[in-house]
Amino acid sequence: MTEQKLYVPRGEAAQGPYALHIDPKAAGWGYCALRVLVLGPGESHLFATGDSEWVVLPLTGGCTVQVDGEIIELLGRESVFSGVTDFAYLPRDAHAQIASGAGGRFALAGAKCERRLPARYGPAPEVPVEARGSGVCAREVHNFAAADTFDCDRLIAVEVITPGGNWSSYPPHKHDEHLPGEEAELEEIYYFEIEGDGVGYQRVSPSRPGGADVLAEVRGGDAVLVPDGWHGPSIAAPGHTMYYLNVMAGPGDEREWKIRFHPDHRTEGYR
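Nothing here was measured: the structure is a model prediction, and the numbers come from that model.

The rules behind these values
Residues numbered from 1 in each chain as written. Predicted model: local features only at pLDDT ≥ 70, side-chain atom pairs only at ≥ 80, totals over all residues. Heavy atoms only, no water. Helix = DSSP H or I, 4+ residues; strand = E, 2+ residues; numbered from the N terminus. Rg over C-alpha atoms; globule rule 2.2 N^0.38 Å. Buried < 20%, exposed > 50% of the residue type's maximum accessible area, 1.4 Å probe, protein only. Contact = heavy atoms within 4.5 Å. Areas by Shrake-Rupley, 256 points an atom, 1.4 Å probe, with all protein chains shown as cover. Lys, Arg positive; Asp, Glu negative; His and termini not counted. Charge placed at Lys NZ, Arg CZ, Asp CG, Glu CD. Pairing = 2+ DSSP bridges. Salt bridge = Lys/Arg side-chain N within 4 Å of Asp/Glu carboxyl O. Phe/Tyr/Trp six-rings, centres within 6.5 Å; stacked < 30°, edge-to-face > 60°. Lys NZ or Arg CZ within 6 Å of the ring centre and 35° of its normal. Core = buried A, V, L, I, M, F, W, Y, C linked by side-chain atoms within 4.5 Å.

(A) Representation of the overall build of the protein. If you tally the helices and strands in the protein, you get one helix and 22 strands. Taking 271 residues into account, the globule formula puts the C-alpha radius of gyration at 18 Å, and the protein, at 17 Å, falls close to it. Taken along its principal axes, the extent of the C-alpha atoms in the protein is 50 × 40 × 35 Å. When the 271 residues of the protein are sorted by exposure, 55% land in the buried category. Pairs at least 24 residues apart make up 72% of the contacts formed inside the protein by residues separated by at least 6 positions. Of the roughly 11,200 Å² that the protein leaves accessible, carbon and sulfur atoms contribute 49%. Within the protein, the 39 negative side-chain charges are centred at a point lying 3 Å from the centre of the 23 positive side-chain charges.

And the structure:
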């Protein structure tokens, strides 16, 4: 993957056991990272967290995470379409081992950070599930590591389930400027899974001259990077539920998710 390539098709950023490996250097920015680890039955993986905090989020299957002398058992889930999952938080400057008896795929959502917080278990029943929007803009948000639900230093991460035929990430919105009380500066990664091998569509439009500009047909395993710009809509094709994982982080002193909606799009009932 080359610097500043914003649409990343499945397999293009694969590296070793990772089906997807995006770090700040490859993305051309300062904070956000995402890896998708694939483990076969009985396999394990050693992982150094370095200067970043990470959340281990099962996409399919369960695993055991050993870190800082603790063992965290993740029950996981059958698929991203079968509901919320438990997860594990890994601090910076740690060494972890991720092992899976039955095998599976596991997202590692990361952000460069300063504070070293303790390793923790995130139970599935404690993940806030939000119904957002209405009508053809209805979708379900799993706020497992949202800014106001789970303590991290810089990392913000949520999952979104969009029914087939619906729009989400709508109205288009942005968070590429620091405007106190109005907008936070955050980089963002979208990672997609599409039910039934379908397709979806992702739009990112410029918020400044020469800014991010993407219109991509996305499939399972694809990613879209959002360094700046108005992002949305994310469109699920009829008959194919769309899942995406949002990973965000930025330079602000406060860990907060503050966005501005595009002024040319009405927001009533869609947000």
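Read on, since the account is not over.
(B) Seen up close, the sheet that holds strand β11 (residues 129-132). A sheet is described by the order of its strands in space; here seven strands give the open sequence β1-β19-β16-β21-β13-β12-β11, paired in antiparallel fashion. Only two strands of the sheet have a single partner each, and these edge strands are β1 (7-8) and β11. Bridge count for β11 against strand β12 (residues 139-145) is four bridges, and the pairing is antiparallel. Paired with Glu 130 across the two strands is Val 141, which belongs to β12.

(C) Region of the structure containing the pattern of salt bridges. Counting across every chain of the model gives 18 salt bridges. The closest approach of N and O atoms between Lys 112 and Asp 51, which form a salt bridge, is 3.9 Å. With a gap of 61 residues between them, Lys 112 in strand β9 (residues 104-112) and Asp 51 in the loop between β4 (43-48) and β5 (52-67) connect regions that are remote in the sequence. Given a relative accessible area of 31%, Lys 112 falls into the partly exposed group. Put simply, Arg 219 and Glu 217 hold a salt bridge, and the shortest N to O gap is 2.9 Å. A residue is classified by how much of its surface remains accessible, and Arg 219, at 38% relative accessible area, is partly exposed. Owing to a relative accessible area of 31%, Glu 217 belongs among the partly exposed residues under this scheme. Connected via shared salt-bridge partners are Lys 174, Asp 176, Glu 177, Glu 183, Arg 208 and Arg 260.

(D) Layout of unusual backbone geometry. Backbone torsion omega between Tyr 170 and Pro 171 reads 0°, so that peptide bond is classified as cis. The omega torsion of the bond from Gly 232 to Pro 233 falls at 5°, within 30 degrees of zero and hence cis. Even without a glycine there, the phi angle at Ser 169 is positive, about 50°.

(E) Focus on the packing of aromatic side chains. Applying the stated criterion to the full structure yields eight aromatic pairs. For the pair Phe 87 and Phe 144, a centre-to-centre distance of 5.4 Å together with 65° between the ring planes defines the contact as edge-to-face. Here Phe 87 is found in strand β7 (residues 87-90), whereas its partner Phe 144 is found in strand β12, with 57 residues between them in sequence. With respect to burial, Phe 87 and Phe 144 carry one shared label: buried. Clustering of aromatic rings is evident, with ring pairs tying together Phe 87, Tyr 89, Phe 144 and Phe 150. The ring of Tyr 89 is capped by Arg 120, whose NZ or CZ atom sits 4.5 Å from the centre of that ring. Geometry around Trp 230 places Lys 174 over its ring, the cationic atom sitting 5.7 Å from the centre.

(F) Examining the pairing of strand β13 (residues 156-162) more closely. Counting buried positions over the seven residues of β13 gives seven, a clear majority of the element. Burial along β13 is two-sided: the face carrying Ile 156, Val 158, Val 160 and Thr 162 and the face carrying Ala 157, Glu 159 and Ile 161 are both buried. Looking at chain direction, β13 and strand β21 (residues 242-249) are connected through seven bridges and run antiparallel. Each bridged residue has a counterpart across the sheet, and for Ile 161 the counterpart in β21 is Tyr 243.

(G) Representation of the nonpolar core in the model. Judged by nonpolar contacts, the single largest core of 54 residues is most densely connected at Leu 20, Leu 34, Phe 144 and Leu 245. With six residues, β21 is the single largest residue contributor to this core. Look past the residues within four positions of Leu 20 in its chain and what remains in contact with it is Val 8, Ala 13, Ala 14, Leu 34, Arg 35, Val 36, Tyr 191 and Ala 223. One finds Tyr 18, Ala 33, Phe 47 and Ala 88 within the second-largest nonpolar core, a separate group that totals 20 residues.

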